[in-house]
Amino acid sequence: CFFPGGQMIGSVAPRISHVTMLDLASNDLGDEGVAMVCNGFSRGACLQHLVLNNNFTIPSKFRSQRTGAIDSLIALLASSCPLQSLDLVGGPRSALKQDIIPLLFALGTNHTLTSLDISGHNMGNKGAMALGRALQVNTSLQRLVWEDNGTLLQGFASFEV
């Protein structure tokens, strides 16, 4: 699949030095488009707030594209881009499920993100465990929205901060 919107935004992102907030919610960028946007902004932009809600719409059977999108989000968090907030809300068509776990582990080494919304991804107990481990070492995250993720008592019990 080819997503020209994600490619266009990703290609101009390194030259956008004055935009600090970008809301791309519900644009059907798909995994590949999300990866292109994140790759573009990880190359020196000044983006502080990024909203990518409901953009993971490619079925997860395309594992390499999903993995590439998650890896690009992780690279964005590790880049010189001063990202402070990330909204990554999922829904019935865009839930990442357990594919979000590597991103949650990456929060352990991130020191710029202060706000994260990962609602609606149905990540379950394994996601709660990964999030708990990351937050044991992450001291910058101040706001976490974690609704509708199918976390049961076992997941919450393992969530030790």
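As shown above, the structure is provided for reference.
Quick look at the structure, then. (Residues numbered from 1 in each chain as written. Predicted model: local features only at pLDDT ≥ 70, side-chain atom pairs only at ≥ 80, totals over all residues. Heavy atoms only, no water.)

Re the overall build of the protein chain
Each helix and strand counted, the protein chain has six helices and five strands in total. Reading the secondary structure of the protein chain in the N-to-C direction produces α-β-α-β-α-β-α-β-α-β-α. Here the C-alpha atoms of the protein chain give a radius of gyration of 15 Å, agreeing with the 15 Å that 2.2 N^0.38 yields for 161 residues. Seen through its C-alpha atoms, the protein chain measures out along the principal axes to roughly 45 × 35 × 20 Å. Across the 161 residues that make up the protein chain, the buried fraction comes to 50%. In the protein chain, of all internal contacts separated by at least 6 residues, the share reaching a separation of at least 24 is 84%. Per element, the accessible surface of the protein chain, about 7,600 Å² overall, is 55% carbon and sulfur. (Helix = DSSP H or I, 4+ residues; strand = E, 2+ residues; numbered from the N terminus. Rg over C-alpha atoms; globule rule 2.2 N^0.38 Å. Buried < 20%, exposed > 50% of the residue type's maximum accessible area, 1.4 Å probe, protein only. Contact = heavy atoms within 4.5 Å. Areas by Shrake-Rupley, 256 points an atom, 1.4 Å probe, with all protein chains shown as cover.)

Observations regarding the packing of aromatic side chains
With the rule as written, the count across this model stands at one aromatic pair. Summarising the aromatic geometry, the rings of Trp146 and Phe156 are spaced 5.3 Å apart at their centres and angled 50° between planes, so their arrangement reads as tilted. Of the two residues, Trp146 is situated in the loop between β5 (143-145) and α6 (153-157) and Phe156 in helix α6; the sequence distance between them amounts to 10 residues. (Phe/Tyr/Trp six-rings, centres within 6.5 Å; stacked < 30°, edge-to-face > 60°.)

Quick look at the environment of Gly10
When you line up the elements, Gly10 lands in helix α1 (residues 4-12). It is 15 Å that separates the C-alpha atoms of Gly10 and Thr20, two residues lying 10 residues apart in sequence. The residues touching Gly10, leaving out its near neighbours within four places in the chain, are Met36, Val37, Gly40 and Arg43.

Here we look at unusual backbone geometry
Backbone geometry at Asn54 places phi at a positive 55°, although glycine is not the residue there. Among the structural elements, Asn54 can be located in the loop between β2 (49-51) and α3 (63-78). Among the residues examined, Asn54 registers a relative accessible area of 27% and is labelled partly exposed. The backbone of Asp148 sits at a positive phi, close to 55°, despite the residue not being glycine.

Looking at the environment of Pro92
In this structure, Pro92 sits in the loop between β3 (85-87) and α4 (101-106). A residue is classified by how much of its surface remains accessible, and Pro92, at 92% relative accessible area, is exposed. The spatial distance from the C-alpha of Pro92 to the C-alpha of Leu131 is 21 Å, given a sequence separation of 39 residues.

Concerning the pattern of salt bridges
Under the defined criterion, the tally for this structure stands at three salt bridges. Note that Asp28 is salt-bridged to Arg93, the shortest N-O span being 3.9 Å. Of this pair, Asp28 sits in the loop between β1 (21-23) and α2 (30-41) while Arg93 sits in the loop between β3 and α4; the two residues are 65 residues apart in sequence, bridging distant segments of the chain. Judged by its relative accessible area of 40%, Asp28 falls in the partly exposed class. Overall, Arg93 belongs to the exposed group, its relative accessible area being 61%. Notably, a salt bridge pairs Asp99 with Arg66, separated by 3.3 Å at the nearest N-O pair. Highlighted residues: Asp99 in the loop between β3 and α4 and Arg66 in helix α3, separated in sequence by 33 residues. By relative accessible area, Asp99 is classed as buried at 14%. (Salt bridge = Lys/Arg side-chain N within 4 Å of Asp/Glu carboxyl O.)

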